Amino acid sequence: MNMPKTLFEKIWEQHVVKTIDEGPSILYVDKHFIHEVTSPQAFKGLEDRGLTVFRPEQIVATADHNVPTENQHLPIKEALSRLQVDTLEKNCLKFGVELYGLGHPYQGIVHVIGPEMGFTQPGMTIVCGDSHTSTHGAFGTIAFGIGTSEVEMVLATQCLMQTRPKLMRINIDGELHSGVLSKDIILYIIAKISASGATGYAVEYAGSTIRALSMEARMTICNMSIEMGARCGMIAPDETTFSYMKGRPYVPQGNEWNRSLDYWKTLFTDPDAKFDAELNIDASVIEPMITYGTNPGMGIGISGHVPGLAEVEEKEKPSFEKSLQYMGLEPGMGIKGKKVDYVFIGSCTNSRIEDLRLVASFVKGKQKAKDVQVWIVPGSKQVEKQAHLEGIDKIFEDAGFLLRQPGCSACLGMNEDKIPAGKYCISTSNRNFEGRQGPNARTFLTSPLTAAAAAITGRVTDIREMI
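A brief report on the enclosed structure follows. Model, not experiment: these values are computed from the prediction.

Rules used throughout
Residues numbered from 1 in each chain as written. Predicted model: local features only at pLDDT ≥ 70, side-chain atom pairs only at ≥ 80, totals over all residues. Heavy atoms only, no water. Helix = DSSP H or I, 4+ residues; strand = E, 2+ residues; numbered from the N terminus. Rg over C-alpha atoms; globule rule 2.2 N^0.38 Å. Buried < 20%, exposed > 50% of the residue type's maximum accessible area, 1.4 Å probe, protein only. Contact = heavy atoms within 4.5 Å. Phe/Tyr/Trp six-rings, centres within 6.5 Å; stacked < 30°, edge-to-face > 60°. Pairing = 2+ DSSP bridges. Axes fitted to C-alpha atoms, helices over the stretch in contact; angles between N-to-C directions. Core = buried A, V, L, I, M, F, W, Y, C linked by side-chain atoms within 4.5 Å. Salt bridge = Lys/Arg side-chain N within 4 Å of Asp/Glu carboxyl O. Parallel < 35°, antiparallel > 145°, perpendicular 65-115°, else oblique. Left-handed = near helix turned anticlockwise from the far one by under 90°. Right-handed = clockwise from strand over helix to strand, strands pointing away. Lys, Arg positive; Asp, Glu negative; His and termini not counted.

**Side note on the overall build of the protein**
Per the secondary structure count, the protein includes 15 helices and 19 strands. Taken over C-alpha atoms, the radius of gyration comes to 21 Å for the protein, in line with the 23 Å a tight globule of 467 residues would show. Projecting the C-alpha coordinates of the protein onto the three principal axes gives extents of approximately 55 × 55 × 45 Å. Within the span of the protein, comprising 467 residues, buried residues form 60% of the whole. Here the contacts in the protein between residues at least 6 apart in sequence split such that 76% fall between residues at least 24 apart.

This is the structure in structure tokens:
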């Protein structure tokens, strides 16, 4: 009699090439995403050793981290950014890897173009030299970020040495209140268990709340699994998954689709399968969330307050106080009503067409606050194109929002879109580390709707009071 297995175990076991006694496993990699930041040294390593790329057809390359989000037809101004993008182009040409670079109709953030093009499919193992590779787990994959030396290993062998993680399941059940989005779910979870609460685990998200979410909302949740220390995050594929995938350019067609579908439908956790840890959450207790500190685990409900010193463990107080000093906040204060300077809606967490539609539906007929700059950055050329087709660009223009071109943008200070020192930015991205959006920039992480509310009012606002 077969032992019950988790979703993770079913996929992992099918990809183990060899297990080393009392050591890691050699894991076969189905899809390898690369970009301009973590690939140059890896390609140089191949060149120095006289190696070729083992399976170039299983690699997807794009430029995203360093690209400008205005005037992409012009040369990149920043010298290092320009060098990294140029180097990616040269390496892809030399090693026979197809590149979705600047000017390509499919260019975009690597974790956006993978799903929208159909490269990401259930049952796969997926890696990328980027921590937010966990995004792809929303399709029922094992997807995780790797380091540059590991990028080189996968380029050379299409395999990777990995130690099998422990397993955690997080069940979210019940209905979400109006104005509460998937971003609020994941920020709530991280605040609840801390930024290290899932370290060493592969996390499966389950429950009625998860099943009711769209694919784009599921991607947002899996995207931020790394922010609580998880190795990866995943959700079992279902009819929502299959409906999203069908007809996309690189998804199987015809009879091959039917054969793939038969396999994909076996990818779920069996009843009685065992997890090392399990957490249950009532969706009805989640309200719009906002971070107050310098890691994503420092989050509160929008109506709450920054913890007072008495609420913080003694060993945590030095880092807590340092974080608040950086953010210009005080223990015990509420954040609601705090003035903001910038609003950034984008990143691999919240830059898909569903995010833009949500924001556009809320801001239609409204005007942004005069002293706030609002940047809307689509996750790909396909998202940008769709926004124009649907007239979303006009809604943003009328509201005073700036719709830019695709890229990672102000998620991180690695391109021209930086937040000035000391300024507050409401951001839909995934990290609020010191200097993440630019030297001494101050970041509040929120959902797209909460960010849109701040854009209109100029202050941290409870979206529930405006809908």
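**Re the packing of aromatic side chains**
Taken as a whole and assessed by the stated rule, the structure comprises twelve aromatic pairs. The interplanar angle of 20° and the centroid separation of 6.2 Å between the aromatic rings of F242 and W264 together place this pair among those described as stacked. Linking F242 in helix α9 (residues 239-245) with W264 in helix α10 (residues 254-264), this pair joins segments that are 22 residues apart in sequence. Of the two residues examined, F242 and W264, each falls in the buried class. A ring pair is formed by Y424 and F444, whose centres lie 5.4 Å apart and whose planes are at 5°; its orientation type is stacked. Of this pair, Y424 sits in strand β18 (residues 424-427) while F444 sits in strand β19 (residues 442-445), and the two are 20 residues apart along the sequence. A relative accessible area of 7% means that Y424 is categorised as buried.

**A few points about the sheet that holds strand β1 (residues 16-19)**
Strands sit in the order β1-β2-β8 across an open sheet of three strands; the sheet is antiparallel. Looking at the sheet topology across the chains shown, the edges are occupied by β1 and β8 (159-162). Neighbouring strand axes in the sheet, compared pairwise and without regard to direction, differ in orientation by 20° on average. Of the strand pairs in this sheet, β1 and strand β2 (residues 25-28) are connected by three bridges, and their pairing is antiparallel. Following the sheet pairing, K18 is matched in β2 by I26.

**Description of the nonpolar core**
Within the largest apolar cluster, 77 residues are counted, with the highest numbers of intra-cluster contacts made by I170, I172, I189, V203, Y205 and M228. Per element, the largest residue contribution to this core is six residues, and it comes from helix α6 (residues 182-193). Every residue in contact with Y205, bar those within four places of it in the chain, is listed here: I170, I172, I186, I189, I210, I221, C222, S225, M228, G233, M234 and I235. Within the second largest apolar cluster, 61 residues are counted, among which are V112, V363, Y424 and I426.

**A few points about the pattern of salt bridges**
According to the stated counting rule, one finds 24 salt bridges in the structure shown. Between K339 and D341 there is a salt bridge, with its nearest N and O atoms 3.4 Å apart. Here D398 and K394 are joined by a salt bridge, their closest N and O atoms 2.9 Å apart. With a gap of four residues between them, D398 and K394 both fall in helix α14 (residues 392-399), about one helical turn apart.

**Focus on the packing of helix α2 (residues 40-49) against helix α5 (residues 148-157)**
Between α2 and α5, the shortest axis-to-axis distance is 8 Å and the interhelical angle comes to 55°. Looking at the two axes, α2 sits oblique to α5. The interaxial crossing formed by α2 with α5 has right-handed handedness. Each of Q41, A42, F43, G45, L46 and R49 in α2 lies in contact with α5, whose residues at this interface are T148, V151, E152, L155 and A156.

**Remarks on the sheet that holds strand β9 (residues 166-173)**
The parallel open sheet is built from four strands, whose spatial order is β11-β10-β9-β12. Each edge of the open sheet is held by one strand with a lone partner, namely β11 (232-234) and β12 (277-282). Averaged over neighbouring strand pairs, the angle between their axes works out to 20° when direction is ignored. In terms of strand pairing, β9 meets strand β10 (residues 201-206) through six bridges, oriented parallel. Following the sheet pairing, M168 is matched in β10 by V203.

**Concerning unusual backbone geometry**
With phi around 85°, S347 is a residue other than glycine that occupies positive phi space. Relative to the elements of secondary structure, S347 occurs in the loop between β15 (342-345) and α12 (353-363).

**So, the pairing of β10**
Most of β10 is tucked away: six of the six residues are buried. Side chains Y201, V203 and Y205 project from β10 onto one buried face, and the interleaved A202, E204 and A206 project onto a second face that is buried too. On the question of chirality, the crossover connecting β9 to the parallel β10 by way of α6 is right-handed. Sheet topology note: the β10/β11 ladder contains three bridges and is parallel. Counterpart to V203 in the pairing with β11 is G233.

**Re α2**
Inspection of α2 places P40, A42, F43, G45 and L46 among the buried residues, and these make up the whole buried set. Where the residues of α2 are buried, they touch β3 (31-34), α3 (79-95) and α5.

**With respect to the side chain of K31**
For K31, the location among the structural elements is in strand β3. With no salt bridge to any partner, buried K31 finds its closest opposite charge in D30, at an N-O distance of 8.4 Å. For K31, the residues in contact, after removing those within four places along its chain, are E57, Q58, V60, F119, M124, T125, I126 and V127.

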